[in-house]
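In case you want the letters, here they are:
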Amino acid sequence: METAELENVPPEFVDYLQAEGIEELYPPQAEAVEAGVTAGKNVVASVPTASGKTLIAQLGMLSTIERGGRALYIVPLRALASEKKAEFEAFEEFGVSVGVSTGNYEASGEWLAEKDIVVATSEKVDSLVRNGAPWIEDVDCVVSDEVHLIDDASRGPTLEVTLAKLRQLNPSLQTVALSATVGNADEIADWLDAELVDSTWRPIDLKKGVHYGDALHLDDGTQRELPTRKNEKQTAAIVRDTLEDGGSSLVFVNSRRNAEAAAGRLADVVEPSLSPEEREELEDVAAEIRDVSDTETSDDLAAAVERGGAFHHAGLAAEHRSLVEDAFRDRLLKVVSATPTLAAGVNTPSRRVIVRDWRRYDGTAGGMQPLDVLEVHQMMGRAGRPGRDPYGEAVLLAKSHEELDELFDRYVYADPEPVRSKLAAEPALRTHVLATIASGFARSREELLGFLSETLHASQADDPERLEQVADNVIEYLERNEFIEREGDGELSATGLGHTVSRLYLDPMSAAEIVDGLRDIEDGEKPTAMGLYHLVARTPDMYELYLKSGDREEYTEVAYEREAEFLGAMPSEFEDVRFEDWLSALKTAEMLEDWAEEVDEDRITAKYGVGPGDVRGKTDTAEWLLNAAEQLAAELDLGVSPSIREARKRVEDGIKEELLELAGVRNVGRKRARRLFDAGIENRADLREADKSVVLGALRGRRKTAETVLENAGRQDPSLEGVSADQSAKAAATSPSGNEGDSASDGKESDDARADADQASLGDF
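This structure is a prediction, so every number in the text was calculated from the model and none was measured. (Residues numbered from 1 in each chain as written. Predicted model: local features only at pLDDT ≥ 70, side-chain atom pairs only at ≥ 80, totals over all residues. Heavy atoms only, no water.)

This next bit is on the overall build of the chain. Scanning the chain from N- to C-terminus turns up 32 helices and 19 strands. By the compact-globule yardstick of 27 Å for 765 residues, the chain fits well, its C-alpha radius of gyration being 27 Å. Overall, the chain is about 75 × 70 × 60 Å in size when its C-alpha atoms are taken along their principal axes. Taking the intrachain contacts of the chain between residues at least 6 apart in sequence as the baseline, contacts between residues at least 24 apart amount to 71%. Here the chain has roughly 31000 Å² of accessible surface; of this, 43% comes from carbon and sulfur atoms. (Helix = DSSP H or I, 4+ residues; strand = E, 2+ residues; numbered from the N terminus. Rg over C-alpha atoms; globule rule 2.2 N^0.38 Å. Contact = heavy atoms within 4.5 Å. Areas by Shrake-Rupley, 256 points an atom, 1.4 Å probe, with all protein chains shown as cover.)

To continue, consider the packing of helix H19 (residues 496–503) against helix H25 (residues 612–635). Two elements in contact, H19 and H25, have axes whose closest approach is 10 Å; the angle formed by their N-to-C orientations is 165 degrees. Considering the angle they form, H19 stands roughly antiparallel to H25. In this structure, H19 meets H25 at a crossing whose hand is right-handed. Residues Gly496, Leu497, Thr500, Val501 and Arg503 of H19 form the contact with H25, whose participating residues are Gln631, Leu632 and Glu635. Considering only residue class, the contact of H19 with H25 consists of 3 nonpolar, 3 polar and 2 charged. (Axes fitted to C-alpha atoms, helices over the stretch in contact; angles between N-to-C directions. Parallel < 35°, antiparallel > 145°, perpendicular 65-115°, else oblique. Left-handed = near helix turned anticlockwise from the far one by under 90°. Nonpolar A, V, L, I, M, F, W, Y, C, P; charged D, E, K, R; others polar.)

The subject of this paragraph is the nonpolar core. Of all hydrophobic cores here, the largest spans 74 residues; its most connected members are Leu506, Leu518, Tyr533 and Leu632. Judged by nonpolar contacts, the second largest core, of 63 residues, contains Ala259, Val336, Ile354 and Val355. (Core = buried A, V, L, I, M, F, W, Y, C linked by side-chain atoms within 4.5 Å. Buried < 20%, exposed > 50% of the residue type's maximum accessible area, 1.4 Å probe, protein only.)

Together, Glu277, Glu280, Glu281, Glu283, Asp284, Glu288, Asp291 and Asp330 make up a negatively charged patch on the protein surface. Topologically, aspartate 291 is positioned in helix H10 (residues 276–292). Overall, aspartate 291 belongs to the partly exposed group, its relative accessible area being 37%. (Patch = residues over 30% accessible without salt bridge, like charges linked within 9 Å, V, L, I, M, F, W, Y side chains within 5 Å. Salt bridge = Lys/Arg side-chain N within 4 Å of Asp/Glu carboxyl O. Lys, Arg positive; Asp, Glu negative; His and termini not counted. Charge placed at Lys NZ, Arg CZ, Asp CG, Glu CD.)

Backbone-to-backbone hydrogen bonds join strands into a sheet, with any given pair of strands oriented parallel or antiparallel. On the basis of which strands lie adjacent, the open sheet formed by 7 strands has the order E3-E4-E2-E5-E6-E1-E7 and parallel pairing. Each edge of the open sheet is held by one strand with a lone partner, namely strand E3 (98–101) and strand E7 (195–198). Mean inter-strand twist for the sheet, computed between neighbouring axes without regard to direction, equals 15 degrees. In this sheet, strand E4 (residues 117–121) lies alongside E3 in parallel orientation, the contact comprising 4 bridges. Paired with serine 101 across the bridge in E4 is alanine 120. In this fold helix H3 (residues 53–66) packs onto strand E1 (43–46), strand E2 (71–75), E4, strand E5 (141–144) and strand E6 (174–179), with an angle of close to 170 degrees to the strand it touches most, E6. Sheet contacts for helix H4 (residues 78–88): E2, E3 and E4; angle to E4, the most-contacted strand, approximately 165 degrees. (Pairing = 2+ DSSP bridges.)

Attention now goes to the pattern of salt bridges. Any two side chains of opposite charge can pair, so long as their charged atoms come close to each other. The full count for this structure, using the stated rule, is 56 salt bridges. One salt bridge connects lysine 422 with aspartate 151, and the closest N-O pair in it is separated by 3.1 Å. Here the residue lysine 422 occupies a position in the loop between helix H14 (401–412) and helix H15 (426–438), and aspartate 151 occupies one in the loop between E5 and helix H6 (156–169), the gap between them amounting to 271 residues. The shortest N-O distance in the salt bridge between glutamate 476 and arginine 480 comes to 3.8 Å. Remark: arginine 480 and glutamate 476 occur in helix H18 (residues 464–480); sequence separation between them is 4 residues, near one turn of the helix. Residue classification places glutamate 476 among the partly exposed positions, given a relative accessible area of 45%. Accessibility expressed as a relative area gives 54% for arginine 480, which makes it exposed. Three or more residues joined by partner-sharing salt bridges are found here, namely Glu630, Arg645, Arg648, Lys649, Glu652 and Asp653.

Here it is, written out as structure tokens:
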């Protein structure tokens, strides 16, 4: 089908496609049109990566907008939301407005009501429904990207319940679900009352194979010589071969440590092939990476980038990951070693994908376990970019002839596993049952079970009574913890506390832990920051730091030293599992305390064995949970809100108590507040009255930054024209107590270009 034949979409969109060189639809796209995607029909598209799924979504959304409706695009990751928003903003030239919403789970996002397309994570959409966003009922088309992630135990239930609620809110809603090739796409289509587009077509050939010995064995039965040189590893040989063919390589490994180590080794392979121009550009990228944080991880990443390689994992800061992804997409970076997080939707294609590690440690299984076929196929699907590569190639590595055969059978020739709902697990149902009751979707047990019967789980269940049993257990738990009430006639309703918990997007078990801890505080007693950090660190919503070898003894000693600060009774050492969890929460809380005590980020990452992304993730989550604790305390009239607010602000900005007021001035972050304080400027009033030369000196002579800070503090004349920096103030600002250095870890921003950067909220969805 030619694009000129498209109907029911804005004519300008057809012009846009043709200007992009798209004269003809790919076969799966044409099938979607025939299935009715531009006519308001539900469609499930199960097609390989790089086969045009996004255009199918655009056809559905823009045809809806052409009919006067609005569209919602649901993504699994916050990074993917930004990527899709930037992509869809091209449509603004013909009058289509685009908004993105990923954070602040308490807001109803009224401003989004004016947008034609809203891009959001499934968690954000779920929270919009919980908070009663009225415009949600007016959505006419919903696109669910990567819908196969319903199979994910942690994220899948939210996506499943959200789609079920949207369909209940608007029975005429058009649902367009995009999926990788899975084993049971027909079941997903049946659940969504959708037409199925199930295709294995790709715009360029994807060759799959296994490297063994000195040969690459391909799925078409052919072999190609690909020798390893003396002392050369298989991965290095394949990367070298790809470089010689003008391509880039993406290497998947099973841990952060392996990703970092591989990046260093593979950068050595790449470096000799770099041109002078590429070296210069890579040095600029490396400088940006070093500006993100003053940590060893940041330095190691920059050192690899300068030589044409990089690593990518969840321990990196979001800015790190974005810089790596952009440079790799531009083919400036020639090789990236990554954990499987990079396979989860972000657009990072390469000529070759090398799946070096096909086993991963699984604590529940007690050892290394093979990856799922679907996960490996998702990795493989990153190979080859239309218009850039003549083909894509995905390679597994075998160490023996037996393993060669095993890898072909297990992954190359195998079909992906079917997608299975994970909704019937009690942890997943806790939050969704409460939200379903609190938002009025169900007012009785019968209505609740009726709603659950519309989920994918209900359509797949071999044992229909299991979901009912788990739901009854959850209802009992919520009632016992005063989140819901049950009337004599069976009516269910959320209490004031239950409404607050649902609105705050908390796991009810987290809320119960926080409420019990806050009620443990004696009247008139002020909880310490450590006590509050430990309280939120032991909730299910906080991923605790692991206890490593030797940690148990160290943190047991700390626990007894600081027992008086804990909110709630410490378990006995003889309760092994509970005590270990308590100590893990203590380790996490101590990291948060170090951050709030202004310990340098590089020392924190070294002490706790984490990356800068982990520090940001933990502090963001702690800020969110402490905000929730503050509101729960107010709901219960416990009188400890000021203490919680102070602990929250300290962990948000990474500052001691004495800097709270200064850090409240916009554009004064962690390090700038300390420099100003050490120069004798202790609060907002001091900023309005202080000698300008002292302010300028404390801010290291950065005139524009100093003027912005003075203006934000309310100074009548913030101009620094003719003012020279006070050298003594500058010296104080760069003394050891002044935390020398300027980076993005300076709280809210790092330089004038980032002066208005948003503070991250929860996680990196």
